[in-house]
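Secondary and tertiary structure notes
What follows is each chain in one-letter form.
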Amino acid sequence: MAGPVPGFERKHGELWCDDVALSAVADGAGTPVHVYSRRLLRDRCAALIAAFADYPPDLHYAIKANATLAVVREMREAGAHADANSGGEIEVALRAGFRPDEIVFTGVGKTHDELVRAVTLGLKAINAESPGEVERIDAIAAAHGMRARVAVRVNPDVDAGSHPNISTGHKTTKFGMTVAQAYAMVTEMARREHLHVVGLHVHIGSQITRPAPLTQAAATIAKMAATLADQGIQLEHLDIGGGLGIAYEPGQEVLTAEEYAAAVLPVIRPTGLRLVLEPGRWITGPAGVLLSRVVDLKQQADGRWFVIVDAGMTDLIRPALYQAWHEIEVVTPRDGAALECDIVGPVCETSDTLGKQRSLPPVQVGDLVAVRDTGAYGAVMASNYNRRPAAAEVMVDGAQWRVIRRRQTIDDMLQWEA
Ligand code: LLP
């Protein structure tokens, strides 16, 4: 990695992002605001590519993790290609400057219009999720006199070991085709004039922290590719999806990028095929924080406190949806006894909690808190519930910062309505 990565650190007790005090961003851009470190974004992308240096991969950044245009552009400049999960993400990838042959397109339930767009653009691969989808892609390609590049998404029936809501590789989930179905499909596709079967794809889930499921999933498609090669069907690439987890809690054990490479390369290397990766969270997650201001303090029946802040589940739904843990820090801590508290948002839902059972330095109304590791699946999962406008997003670049997505206004929200 190129040089030290400061990221989010304390200077004179105050939390900074690289060379900018977070308090300065909050004063300038208002709260709640998502703040990203350009340097961390780039360095993490480069670090993941470097971990695979002895078998250089095509790293397709999973746009779903953070789809803000300026962030996606950074990924391209850092050497990534793109993984899109919808027609909207394909358009974002194109506007960020990716060429169609740098984009793979995944997703259950691709619509006719999305498939027409994908086929006619000539994307690097459409990862087909079902036999019916393959038929639809074939028909569209034939109608346009084209040959669509298609990979088959395999459901390897592997337990990723992460939260059930974000595990996708078990046979009971809606994702991909069984190994038997996929073999039959690829053999059939190889005979079709308008289909070019380019690869196999797996993605077994997200926030994976153990190597075994990742190895198992990669081994499943590596073995299939070898069997298909024996039958004269030569693929171009194996796409092992994303899923590499990050440490949300201090001391949480996760895989390093190098351990991830070591878990999958031994099974991929013998195939000699190009390796496609689709990481999202590992790159952007730790590169962002959600900054929020305390708006009220209220004591609970058991003596602990509610710290009520101006960000809520509409800005970061992960704690409410997956009981996810995010570290929460006071930006400019005061001296005094620790405050035992739950940090909650203003939304009219009991699940609108950012952190439960926390111990913070004493805070007052107006103080700033930073919710860590919100660069992935933070702003992208925002909603306007309670007519709350989407938060602003800011990119810090060294000692400079700029708004990369301005705060939504009530007029923005209402402009679609009759
Ligand atoms: N490729 C495919 C086909 C995917 O479905 C996903 C994520 C990725 C790649 C990127 O996975 P990552 O490297 O980021 O784990 N909202 C949830 C996570 C949902 C992940 C969906 N798919 C959360 O906040 O934990």
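Heads up: the structure comes first, above all this text.
Here's what I pulled together on the structure shown here. (Residues numbered from 1 in each chain as written. Predicted model: local features only at pLDDT ≥ 70, side-chain atom pairs only at ≥ 80, totals over all residues. Heavy atoms only, no water.)

**Notes on the packing of helix α8 (residues 211-230) against helix α9 (residues 257-268)**
In the contact formed by α8 and α9, the axes pass within 9 Å of each other and the chain directions differ by 20°. When the axis of α8 is compared with that of α9, the two are roughly parallel. In this structure, α8 meets α9 at a crossing whose hand is right-handed. Along the contact surface, α8 presents P211, L214, T215, A218, A219 and A222, while α9 presents Y260, A263, V264, V267 and I268. (Axes fitted to C-alpha atoms, helices over the stretch in contact; angles between N-to-C directions. Helix = DSSP H or I, 4+ residues; strand = E, 2+ residues; numbered from the N terminus. Parallel < 35°, antiparallel > 145°, perpendicular 65-115°, else oblique. Left-handed = near helix turned anticlockwise from the far one by under 90°. Contact = heavy atoms within 4.5 Å.)

**Topic: the packing of aromatic side chains**
If you walk through the whole model with that rule in mind, you get one aromatic pair. The ring centre of W282 lies 4.1 Å from the NZ or CZ of R44, which sits over that ring. The ring of F105 is capped by K110, whose NZ or CZ atom sits 5.5 Å from the centre of that ring. (Phe/Tyr/Trp six-rings, centres within 6.5 Å; stacked < 30°, edge-to-face > 60°. Lys NZ or Arg CZ within 6 Å of the ring centre and 35° of its normal.)

**Some points on α9**
Here α9 spans 16 Å end to end across twelve residues, near enough to the 16 Å set by a 1.5 Å rise per residue. Burial in α9 covers these residues: A257, Y260, A261, A263, V264, L265 and I268. Where α9 is buried, its residues contact α2 (38-51), α8, β11 (237-239), β12 (274-277) and α10 (281-284). (Expected span 1.5 Å × (residues − 1). Buried < 20%, exposed > 50% of the residue type's maximum accessible area, 1.4 Å probe, protein only.)

**What to know about the nonpolar core**
Nonpolar side chains in soluble globular proteins tend to be buried together. Counting residues in each nonpolar core, the largest one holds 106 residues, and the members touching the most others are L22, V35, F52, L200 and I240. Looking at which element gives the most residues to this core, the answer is α8, with eight residues. The contacts of I240, once residues within four sequence positions are left out, are V202, A218, I221, Y260, V264, I268, L275, V276 and L277. Core analysis: the second largest hydrophobic core is formed by 16 residues, A311, L316, L339 and V371 among them. (Core = buried A, V, L, I, M, F, W, Y, C linked by side-chain atoms within 4.5 Å.)

**Digging into unusual backbone geometry**
Of note, the amide linkage connecting T31 to P32 takes the cis form, showing an omega dihedral of -5°. Within the fold, P32 resides in the loop between α1 (22-29) and β4 (33-37). In this structure, Q357 is a non-glycine residue whose phi angle is positive, near 55°. As for its placement among the helices and strands, Q357 is situated in strand β17 (residues 353-360).

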